[in-house]
Amino acid sequence: MVRRALLKWYRAHKRDLPWRRSKDPYAVWISEIMLQQTRVDTVRPYYERFMERWPDVRALAAEDPDNVRAAWSGLGYYRRARMMLEAASVLVEQHDGAFPSEAAELRKLPGFGRYTAGAVASIAFDRPAAAVDGNVTRVLARLHGIEGDVSKGPGAKQVWSLADALAPGESPGDLTQALIELGALVCASRNPRCESCPVSAQCAARSTGRIEQIPPPKKRAAKKLLPLTALIAVRDGALLLARQPESGLFANLWCPPLLDGQLSPEAAMDEAARALGFEISGAEPAGQIRHLLTHRQLDINILRIEAPADIKSHRWAKLAELKDWAIPSVTAKCLRAGLTQRERAQTQLIERSTAASRIKTAGQGELPL
Ligand code: SF4
């Protein structure tokens, strides 16, 4: 009953999204990875560019990782891109470029958790595999009236069992997408549109008036504060960049040279020599930015500096070519504060910054990005 109602509703109401036009497991996989923690509207242009440039797993596996990281710039959660490249190599080297069709086999690939394996197996191969993300968890918890924390432990286990029980039958792929779509479009965390819901008659949370309490709101852990200073140096139309270490924050991506702490120009001049290995001959405050990550709050002082041309540990990147570099949003945000208007225009990076962010530019007060 529930299953049939979900399928009927999905076929009538599903959004026309580019990744829904293909059952190619590669396309399904790329979209599922990009959609993790990221809004559909944000993903859409990235997905289209990505598929045009790397239309299959062999093309992706053969690519220079720096180019893939550059294409990912601004999408966030860069670990996804790293795991994707690792999985592409394994698929080419050990599976002759073909995806296994069973969730259990897919889970052996790098970056394939239970959700991703279930999504690819069901959507691409119509295998009866469950895929439970935040949307599906909310729908099933409400439908079955599961009280308490369903994000982990016994609550999460119960939700997975319910999804497993629902998976077998006609069109498992559509069923997976129906649950996800219902959570996204109708059974929203706040103000769900129960009057438009295909399973409202079976919904325990609705019949007991417990929709607001199921699932309980997540307690957000306080973000760890990370004070930094970013050094913006431009010389002959090129920007000084430092590649971040292979692990940790912004792994392998390019940022302006960063120093620990929100430093004054004088302190930064001393610290640059010690921590970065080059002397800066002048430093001026250029503003402050705040950048929020899932678990961290970065408060960054921006300093405009004079740096020598020959720094072996860093690279000078032409401003006009910055869009081809693997840079995270935080770099784009630092540049909004630290570059002149003319320099910024050369970078073409402005559209990468997130709309909700704000920066404080020296002498200008707060500006929306
Ligand atoms: Fe969600 Fe309302 Fe449908 Fe229940 S009736 S599953 S709360 S939208």
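Because the structure is predicted, anything quoted here is derived from the model rather than measured. (Residues numbered from 1 in each chain as written. Predicted model: local features only at pLDDT ≥ 70, side-chain atom pairs only at ≥ 80, totals over all residues. Heavy atoms only, no water.)

So, on to the domain arrangement of the chain. Each assigned domain of the chain is listed here: domain 1 (2-133 + 148-183) and domain 2 (224-350). The C-alpha centroid of domain 2 is placed 34 Å from the C-alpha centroid of domain 1. Each side of the interface is counted separately: domain 1 has seven residues, and domain 2 has 10 residues. Between domain 1 and domain 2 the total buried area reaches about 760 Å² when both faces are included, carbon and sulfur atoms providing 47% of it. (Domains from an automatic or database assignment. Contact = heavy atoms within 4.5 Å. Buried area = accessible area lost by both parts, 1.4 Å probe.)

Enumeration according to the criterion identifies 17 salt bridges in this entry. With a closest N to O distance of 3.2 Å, Asp-16 and Arg-21 form a salt bridge. A single burial state applies to Asp-16 and to Arg-21, both of which are exposed. Here Asp-66 and Arg-243 are joined by a salt bridge, their closest N and O atoms 2.8 Å apart. Placement of the pair is Asp-66 in helix H5 (residues 65-72) and Arg-243 in strand E3 (residues 238-243), with a sequence separation of 177 residues. (Salt bridge = Lys/Arg side-chain N within 4 Å of Asp/Glu carboxyl O. Buried < 20%, exposed > 50% of the residue type's maximum accessible area, 1.4 Å probe, protein only. Helix = DSSP H or I, 4+ residues; strand = E, 2+ residues; numbered from the N terminus.)

Looking at the ligand, the residues that line it are Arg-142, Val-186, Cys-187, Cys-194, Cys-197, Ser-200, Cys-203, Arg-206 and Ile-211. Each residue belonging to the shell around the ligand can be placed in one class, and the counts come to six nonpolar, one polar and two charged. (Near = heavy atom within 4 Å. Nonpolar A, V, L, I, M, F, W, Y, C, P; charged D, E, K, R; others polar.)

What follows is about the nonpolar core. Within the largest apolar cluster, 103 residues are counted, with the highest numbers of intra-cluster contacts made by Tyr-26, Trp-29, Ile-30, Phe-50 and Leu-60. Setting aside chain neighbours within four positions, we find Phe-50 in contact with Tyr-26, Ile-30, Met-34, Leu-60, Val-68, Trp-72 and Met-84. One finds Leu-240, Ala-268, Leu-303 and Ile-311 within the second-largest nonpolar core, a separate group that totals 15 residues. (Core = buried A, V, L, I, M, F, W, Y, C linked by side-chain atoms within 4.5 Å.)

This next bit is on helix H10 (residues 153-166). Because the α-helix completes a turn every 3.6 residues, residues three or four places apart line up on one side. A rise of 1.5 Å per residue sets the reference length of H10, with its 14 residues, at 20 Å; its end C-alpha atoms lie 20 Å apart and thus fit the reference within 8%. Buried residues of H10: Gly-155, Ala-156, Val-159, Trp-160, Ala-163 and Leu-166, and no others. Within H10, the buried residues cover an arc of 135 degrees as seen down the axis, which keeps them to one side. Turned more than 90 degrees away from the buried face of H10 sit Pro-154, Lys-157 and Ala-165, all of them exposed. (Expected span 1.5 Å × (residues − 1). Arc of directions from axis to C-beta.)

Turning our attention to the packing of helix H2 (residues 25-35) against helix H6 (residues 79-95). It is the contact of H2 with H6, at a shortest axis distance of 10 Å, that shows an interaxial angle of 160 degrees. Taken together, the axes of H2 and H6 lie roughly antiparallel to each other. Considering only the axes of H2 and H6, their crossing is right-handed. Residues Trp-29, Ile-30, Ile-33, Met-34 and Leu-35 of H2 pack against Arg-80, Met-84, Ala-87 and Ala-88 of H6. Grouping the constituent residues of the contact of H2 with H6 by class yields eight nonpolar, no polar and one charged. (Axes fitted to C-alpha atoms, helices over the stretch in contact; angles between N-to-C directions. Parallel < 35°, antiparallel > 145°, perpendicular 65-115°, else oblique. Left-handed = near helix turned anticlockwise from the far one by under 90°.)

Our focus in this paragraph is the packing of aromatic side chains. The geometry of an aromatic ring pair is captured by two quantities: the separation of the ring centres and the angle between the planes. A full pass over the atoms with the stated rule returns seven aromatic pairs. Taking the centre distance of 5.6 Å and the plane angle of 65 degrees together, the rings of Trp-29 and Phe-99 count as edge-to-face. With Trp-29 in helix H2 and Phe-99 in the loop between H6 and helix H7 (103-106), this residue pair connects regions lying 70 residues apart in the sequence. A relative accessible area of 1% places Trp-29 in the buried class. Centroid distance Trp-254 to Trp-325: 5.0 Å. Interplanar angle 80 degrees. Geometry classified as edge-to-face. In this pair, Trp-254 sits in strand E4 (residues 254-255) while Trp-325 sits in the loop between strand E8 (315-318) and helix H14 (329-338), placing the two residues 71 residues apart along the sequence. (Phe/Tyr/Trp six-rings, centres within 6.5 Å; stacked < 30°, edge-to-face > 60°.)

What follows covers the side chain of Asp-299. Tracing the backbone shows Asp-299 in strand E7 (residues 296-306). Only 2.7 Å separates the side chain of Asp-299 from the side chain of Arg-290, close enough to count as a polar contact. Among residues more than four places away in sequence, those in contact with Asp-299 are Leu-225, Leu-226, Pro-227, Leu-228, Gln-262, Ile-289 and Arg-290. (Polar contact = N/O pair within 3.5 Å; in protein donor to acceptor, adjacent residues only side chain to side chain.)

Cis geometry marks the peptide bond from Ile-214 to Pro-215, where omega comes out at -15 degrees. As for its placement among the helices and strands, Pro-215 is situated in the loop between helix H12 (204-207) and strand E1 (224-232). Within the chain, Tyr-77 stands out as a residue other than glycine whose phi angle is a positive 45 degrees. With respect to the secondary-structure elements, Tyr-77 resides in the loop between H5 and H6. Residue Phe-250 is not a glycine yet carries a positive backbone phi of 55 degrees. Structurally, Phe-250 can be placed in the loop between E3 and E4. Classification of Phe-250 by relative accessible area gives buried; the value is 10%.

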